[in-house]
Structures are given as structure tokens and as C-alpha cells.
Amino acid sequence: MIGNEVVAIGAGVTLDASNNPVPGTAPVPVAGCVVEPMGSSELTVRGRTGTYTQIRVYLPANAPVSATATSVLAARGHDWMVVGEPDEWIDEDEDLSGQVVVAARGRG
């Protein structure tokens, strides 16, 4: 186990042929994660008011599910959208191997 936080991984929003949301499966909790805050920026740079915050999540190698580019992570009391494709972290001793996921949320 590399960390002590629990992060729930959900499938995110899936749309059917008529662009209606399809009910997804329940998020799966993953124990042993490390959540690293990456800071936030003002959205005024993007022409809006509010903030844009990112985190980096290290998932353990034995996680029951994997994150994808469309996953939604629930961590530290908020929902976070995955940014891009998750990467694999390879540790030679396999103590720290697992997925590395960057996720973001906007407010405002």
C-alpha cells in the first residue's frame, strides 16, 4: 500500500444514441491512494470568474478498478474529472507501482 487515502472511481457520464445519460455503475472505492494537490488558478485567465484546481492521484497496483480518461474521481469531498489518459508508474521493487492520474475541478 502506497498511501492512506480512499478515492472512489466512477465511470463518468455515458450517453446513449439519443444523447441521454445512461445510468452508470456505482463508484468503486480504492484504498491506499496518495492524493497530491497541484494548486489552483484563477479562471479569469480563461475569461471566466472562479477557480480551476488539479490533483495528482497515485493508485496502488492492486486497485480493484483502473481509471480512464472519462472517469470521475471522488477524493477529499469533491468530484474530479480525469484530465487526459492516466499513466502507469513502474517501480522496480513494485512497492510503488500503479496508475498516476491527473484530475481537475472547476468552480465558478
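Definitions and limits used
Residues numbered from 1 in each chain as written. Predicted model: local features only at pLDDT ≥ 70, side-chain atom pairs only at ≥ 80, totals over all residues. Heavy atoms only, no water. Helix = DSSP H or I, 4+ residues; strand = E, 2+ residues; numbered from the N terminus. Contact = heavy atoms within 4.5 Å. Pairing = 2+ DSSP bridges. Core = buried A, V, L, I, M, F, W, Y, C linked by side-chain atoms within 4.5 Å. Buried < 20%, exposed > 50% of the residue type's maximum accessible area, 1.4 Å probe, protein only. pLDDT = per-residue confidence, 0-100. Salt bridge = Lys/Arg side-chain N within 4 Å of Asp/Glu carboxyl O.

1. Things to note about the environment of Gly 12
In step 1: Here Gly 12 shows up in the loop between β1 (5-10) and β2 (14-15).
In step 2: Ignoring any residue separated from it by four or fewer positions in sequence, one finds Gly 12 in contact with Thr 70 and Val 72.

2. Focus: the pairing of strand β7 (residues 78-82)
In step 1: The pairing of strand β6 (residues 72-75) with β7 spans four bridges and is antiparallel. Counted as the bridge partner of Val 72 is Met 81 from β7.
In step 2: Taking the residues that link successive antiparallel strands as the turn, the β6-β7 hairpin has two residues, and the phi of Arg 76 there is positive, at about 55°.

3. A closer look at the nonpolar core
In step 1: Within the largest apolar cluster, 15 residues are counted, with the highest numbers of intra-cluster contacts made by Val 7, Ile 55, Val 57, Leu 59 and Leu 73.
In step 2: For this core, the elements supplying multiple residues, two or more each, are β1, β4 (28-42), β5 (51-58), β6, β7 and β9 (98-107).
In step 3: For this core, the leading source of residues is β4, giving three residues.
In step 4: Among residues more than four places away in sequence, those in contact with Val 7 are Val 28, Pro 29, Val 30, Cys 33, Val 35, Val 57, Leu 73, Ala 74 and Ala 75.

4. Let's talk about the confidence of the model for the protein
In step 1: Here the protein shows a mean pLDDT of 85. Residues at 70 or above account for 87%.
In step 2: The least confident element of the protein, judged by mean pLDDT, is β2 at 73; the most confident is β6 at 96.

5. Comments concerning the pattern of salt bridges
In step 1: This structure, assessed with the given rule, holds two salt bridges.
In step 2: One salt bridge in this structure joins Arg 76 and Glu 5, with 2.7 Å as the shortest N-O distance. Linking Arg 76 in the loop between β6 and β7 with Glu 5 in strand β1, this pair joins segments that are 71 residues apart in sequence.
In step 3: The residue Arg 56 makes a salt bridge to Glu 36 at a minimum N-O spacing of 3.2 Å. Placement of Arg 56 in strand β5 and of Glu 36 in strand β4 is noted, with a sequence separation of 20 residues between them.
In step 4: The exposure class of Glu 36 is partly exposed, given its relative accessible area of 30%.

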